[in-house]
Amino acid sequence: MTSSRQARTGDATLDKAADENFPVAPFFLPRAWRGDLMAVYGYARLVDDIGDGDLAPGGADARHLGLEPEQSEDRLAMLDAFETDLHRVFAATGEPHHPLLRALRPTVRRRALTPEPFLGLIEANRQDQKVRRYATYAELAAYCELSANPVGRLVLALTGTTSPERVRRSDAVCTALQIVEHLQDVAEDLGRDRIYLPAEDMDRFRVTESDLAAPSAGASVRVLTAYEAERAHELLNEGAPLVGSVNGRLKLLLAGFVAGGRSALTAISAAGFDVLPGPPKPTKPSLLREVGVVLRRARGEG
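Procedures and definitions
In every chain, residue numbers begin from 1 and rise along the written sequence. Restriction of local features to residues with pLDDT of at least 70 applies here, the model being predicted, together with a cutoff of 80 or more for giving and counting side-chain atom pairs; totals for whole chains, interfaces and linings are based on all residues. Side-chain numbers come from the whole structure's heavy atoms, not from hydrogens or water. Each helix is a run of DSSP H or I of at least 4 residues and each strand a run of E of at least 2, with the numbering of both proceeding from the N terminus. As a reference, a globule follows 2.2 Å times the number of residues to the power 0.38, and the radius of gyration itself is taken over C-alpha atoms. Summary of the burial criterion: residues with accessible area below 20% of their type's maximum are buried, those above 50% are exposed, and those between are partly exposed, where the area comes from a 1.4 Å probe applied to protein chains only. By definition in these notes, contact holds between two residues if any of their heavy atoms fall within 4.5 Å. Residue burial considers only the protein chains on display, and all accessible areas are found by Shrake-Rupley using a 1.4 Å probe. In this tally, Lys and Arg are treated as positive and Asp and Glu as negative; His is ignored, and so are the chain termini. Charge positions are represented by NZ for Lys, CZ for Arg, CG for Asp and CD for Glu. Salt bridge, as applied in this entry: a Lys or Arg side-chain nitrogen positioned within 4 Å of an Asp or Glu carboxyl oxygen. By definition here, a helix of n residues has an expected span of 1.5 Å times n minus one. Only rings of Phe, Tyr and Trp enter the pairing, Trp through its six-membered ring, and a pair is recorded when the two centres are within 6.5 Å. The plane angle decides the type: under 30 degrees is stacked, over 60 is edge-to-face, the rest tilted. Consider the ring centre and the ring normal. A charge sits over the ring if Lys NZ or Arg CZ is within 6 Å of that centre and within 35 degrees of that normal.

## Points about the overall build of the chain
- When you go through the chain residue by residue, the secondary structure sums to 16 helices and zero strands.
- Taken over C-alpha atoms, the radius of gyration comes to 19 Å for the chain, in line with the 19 Å a tight globule of 302 residues would show.
- Seen along its three principal axes, the alpha-carbon backbone of the chain occupies a region of about 55 × 45 × 30 Å.
- Sorting the 302 residues of the chain into buried and exposed places 51% on the buried side.
- Contacts in the chain between residues at least 24 apart in sequence constitute 67% of all its contacts with a sequence separation of at least 6.
- Working note: accessible area of the chain is about 13,600 Å², and carbon and sulfur atoms make up 54% of it.
- Of the charged side chains in the chain, 37 are positive and 42 negative; the average position of the first set lies 8 Å away from that of the second.

Structure, rendered in structure tokens:
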């Protein structure tokens, strides 16, 4: 594959940043931070695309990883090959094969990042191939520990602001954002034979899987969605003091993460907690309002 076609492979992945609930690498950050954040985002997005079977057609990603193009449909084989290539990022010699991992390597070295959060994201996607339902919220939270929390920890590591208390707050925010995404994507996930609503909560509100397959939500599904949304809201409140613990433009970035979750929850509420017709999406004015609220509260806490 030519270098220009390799670049397009990475660009297609990075273009998905515009669809997130929160700004991934906004313009106000220093250029070096933006580059590092996009490198990490590209990694996380590609791992998710492998796990979801959303890779670009043609098998280019498989070829980059030393597999045959038709193996791009074998998600576990792809994840194994991707993990092998990830280890090349951290090796003293050799070069990663996938262009997004080659782009990640300078960030890893510049910021002295460790493999653990990257490996966690791969393991979460392996789990997606094997676990389709979650019996309890504790099981779902353990999944979020792999699927979401590493991203926040990487942001702290990239910006040199890691501390035990900040990690704890960041984990709360990231778990909340993952729950919000699950609520937005109930119908899409069900189409992939996955349900991220804890079975114990579905039983409590008398929601069946057939209820989730309806074109729009009945009363029981709406009540369940409101319950999970409140859980996410409480986690965002728990994590919000993270914003006041940092300074400068990082404060604005983290406020954007918290505000993204809150504005998405506002959109879910505005839809009457009916998430089945499609994901309720926050508006830009709503996001900006929430950023202002988060920053004002952060000043008050400071």
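## Comments concerning the pattern of salt bridges
- Inspection of every chain in the model, using the stated rule, returns 23 salt bridges.
- One salt bridge connects R194 with D128, and the closest N-O pair in it is separated by 4.0 Å. Of this pair, R194 sits in the loop between α10 (186-191) and α11 (199-204) while D128 sits in helix α6 (residues 116-130); the two residues are 66 residues apart in sequence, bridging distant segments of the chain. By the burial criterion, R194 is buried, and D128 matches it.
- The salt bridge involving R168 is made with E238; its shortest N-O contact spans 3.4 Å. One end of the pair, R168, is in helix α9 (residues 164-184); the other, E238, is in helix α13 (residues 219-239), and 70 residues separate them in sequence.
- Classification of E238 as partly exposed rests on a relative accessible area of 34%.
- The network of salt bridges with common partners includes D52, D54, D128, E188, R192 and R194.

## Details of α13
- Here α13 contains 21 residues, and its C-alpha end-to-end distance of 30 Å stays within 8% of the 30 Å for a straight helix at 1.5 Å per residue.
- Where α13 is buried, its residues contact α7 (137-147), α9, α11, α12 (209-212), α14 (241-244) and α15 (248-270).

## Things to note about the environment of G191
- Positionally, G191 belongs in helix α10.
- G191 sits 22 residues away from A213 along the chain, and the two C-alpha atoms are 8.6 Å apart.

## Section: the packing of aromatic side chains
- For the coordinates displayed, the defined rule picks out seven aromatic pairs.
- On the numbers, 5.0 Å between centres and 90 degrees between planes, the contact of Y43 with F118 is edge-to-face. Of this pair, Y43 sits in helix α2 (residues 31-52) while F118 sits in helix α6, placing them 75 residues apart in sequence.
- Assessed through its relative accessible area of 1%, Y43 is described here as buried.
- On the numbers, 5.5 Å between centres and 45 degrees between planes, the contact of Y134 with Y143 is tilted.
- Y134 gets classed as buried once you look at its relative accessible area, which sits at 3%.
- The structure contains a cluster of three or more aromatic residues connected by ring pairs, namely Y43, F82, F90 and F118.
- In this arrangement the basic side chain of R231 is found over the ring face of Y137, its NZ or CZ atom lying 3.9 Å from the centre.

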